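Chain and residue survey
What follows is the residue order along each chain.
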Amino acid sequence: MKILVTGGTGYIGSHTVVELLSKGHECVIVDNLYNSSEKVLDRIKEITGIRPLFYRTDIRDKEALREIFKENGFEAVIHFAGLKAVGESVVKPLEYYENNISGSLNLYELMKEYKVNKLVFSSSATVYGDSFKSPLKEEYGRGRTTNPYGTTKAMNEMIIEDYGKADKDLSAVILRYFNPVGAHKSGLIGERPNGIPNNLMPYISDVVVGKLDHLNVFGNDYDTKDGTGVRDYIHVVDLAKAHVAAIEYADGHKGVEIINVGTGTGYSVLDIIKAYEKACGREIPYVITDRRPGDIATCFADPKKAEELLGFKTEMDIEDMCRDAYNFICKNPNGIE
Ligand code: NAD
Ligand code: WQD
């Protein structure tokens, strides 16, 4: 299939492009490089032998995006482009709504205009909010979101559902990711956020390479096995493969499906520290601090629907995730420059 990948130079997008190319799909990337580098394209070429066609374009620029639709004749869209920092979204809510909603609306309108009926959208477990108990099932619906970023994901889900109700040709798969971590085994692509990381795994990586002094563990008084927060970490290459399965599923079905992408297993912060220590062969200094506002104790997926509908099952475990995150940060301590 000829697939438009928005946000395709980003963390999850780049890994997905690699998996799509390896399955013989053609990818065209649109990204404004707000949170990624054009060098990712060279890295994709190093891994796959193919340098995908790239447009440095903002999806909010509808006319520019229309030209890209006109020139290409896409069969499908995988939509990753968006802002994703939870804390920042609380401070800059309008920027988040503008980017994640206006940009997405442009894209969906052009899909309709150019009769591109297959869509995979990056949603998040964050749409369950703090309303339900894990394992989280798709049928629970959407909970109370706790920040504007999460609300943009819930709103996109609703927009796609309404679009699908009105247009019976639409075939959309909304993937709710749990906690993506790790990197491609080559160490050529991966994630190193700008500035001080917010998320656990990139933060630990920075501690391990000496950029940060120690990890702050946000609370050890949760109702979990060791008191620290429990999450469903998924290897980014497994997640990328879920997109290949989802777009191929969309090729043969109509309607809108919402599907969790997680392993179904929860690990605590202390579990992750131990696994990373094993991967890097040294001790990771940490201190227990107060809870981070907005955090919940436990969040993990019920992954059955992905297996039933997409035939998708994760293959990599926590050791693979820590090994590959460590390999990437050692090779790219300052990110992909
Ligand atoms: P990322 O920031 O690495 O990738 C997003 C890409 O989109 C970046 O390359 C950025 O430059 C681009 N972009 C942003 N706004 C754009 C715009 N207006 N026009 C064109 N390009 C634009 O993030 P990621 O971790 O790869 O996440 C991909 C998607 O998955 C996002 O929608 C994110 O919200 C979602 N998601 C991520 C996680 C996670 O933990 N990483 C979890 C759940 C959902
Ligand atoms: C994991 C655990 C923290 C950092 C976020 C978004 C979510 C989704 C994935 C996009 C928690 C603890 C963390 C640190 C710590 N993104 N922690 N010290 O919060 O589960 O999910 O990323 O859709 O929307 O909210 O991920 O990696 O920040 O935290 O102790 O320095 O690690 O308290 O228990 P989270 P995380």
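Attention in this report is confined to the structure presented alongside it. (Residues numbered from 1 in each chain as written. Chains lettered and ligands numbered in written order. Predicted model: local features only at pLDDT ≥ 70, side-chain atom pairs only at ≥ 80, totals over all residues. Heavy atoms only, no water.)

Secondary structure summary: the chain contains 11 helices and 14 strands in total. Its C-alpha atoms give the chain a radius of gyration of 19 Å, within 12% of the compact-globule value 20 Å for 337 residues. Over its C-alpha atoms, taken along the principal directions, the chain stretches across nearly 55 × 40 × 40 Å. The buried share of the chain, reckoned over its 337 residues, is 55%. Across the chain, every contact between residues at least 6 apart in sequence was considered, and the portion connecting residues at least 24 apart equals 79%. Once the 41 positive and 50 negative side-chain charges of the chain are each reduced to a mean point, those two points are 1 Å apart. (Helix = DSSP H or I, 4+ residues; strand = E, 2+ residues; numbered from the N terminus. Rg over C-alpha atoms; globule rule 2.2 N^0.38 Å. Buried < 20%, exposed > 50% of the residue type's maximum accessible area, 1.4 Å probe, protein only. Contact = heavy atoms within 4.5 Å. Lys, Arg positive; Asp, Glu negative; His and termini not counted. Charge placed at Lys NZ, Arg CZ, Asp CG, Glu CD.)

If you check the shell around ligand 1, you find 27 residues, and the closest are D31, N35, S36, N99 and Y149. Separating an oxygen atom of ligand 1 from a backbone N or O atom of G10 is a distance of 3.5 Å. D31 is positioned such that a nitrogen or oxygen atom in its side chain is 2.6 Å from an oxygen atom of ligand 1. Its free accessible area being 810 Å², ligand 1 has 95% of it covered by the protein chains. Contributions of two or more residues to the shell around ligand 1 are made by helix 1 (11-22), strand 5 (118-124) and helix 6 (148-166). Ranked by residues supplied to the shell around ligand 1, first place goes to strand 5 with three residues. For the shell around ligand 1, a count of residues per class yields 10 nonpolar, 12 polar and five charged. (Near = heavy atom within 4 Å. Polar contact = N/O pair within 3.5 Å; in protein donor to acceptor, adjacent residues only side chain to side chain. Areas by Shrake-Rupley, 256 points an atom, 1.4 Å probe, with all protein chains shown as cover. Nonpolar A, V, L, I, M, F, W, Y, C, P; charged D, E, K, R; others polar.)

Here the focus is the side chain of S89. Here S89 lies in helix 4 (residues 86-91). A distance of 3.0 Å separates the side chain of S89 from the backbone nitrogen of Y149, its partner in a polar contact. With near-sequence residues (within four places) excluded, S89 lies in contact with Y96, N147, P148 and Y149.

So, about the state of the cysteines. The final tally for this structure, using the stated rule, is zero disulfides. Counting only cysteine sulfurs, C280 is the nearest neighbor of C330, a cysteine outside any disulfide, at a range of 8.2 Å. C330 sits in the partly exposed class, given a relative accessible area of 41%. (Disulfide = S-S within 2.5 Å.)

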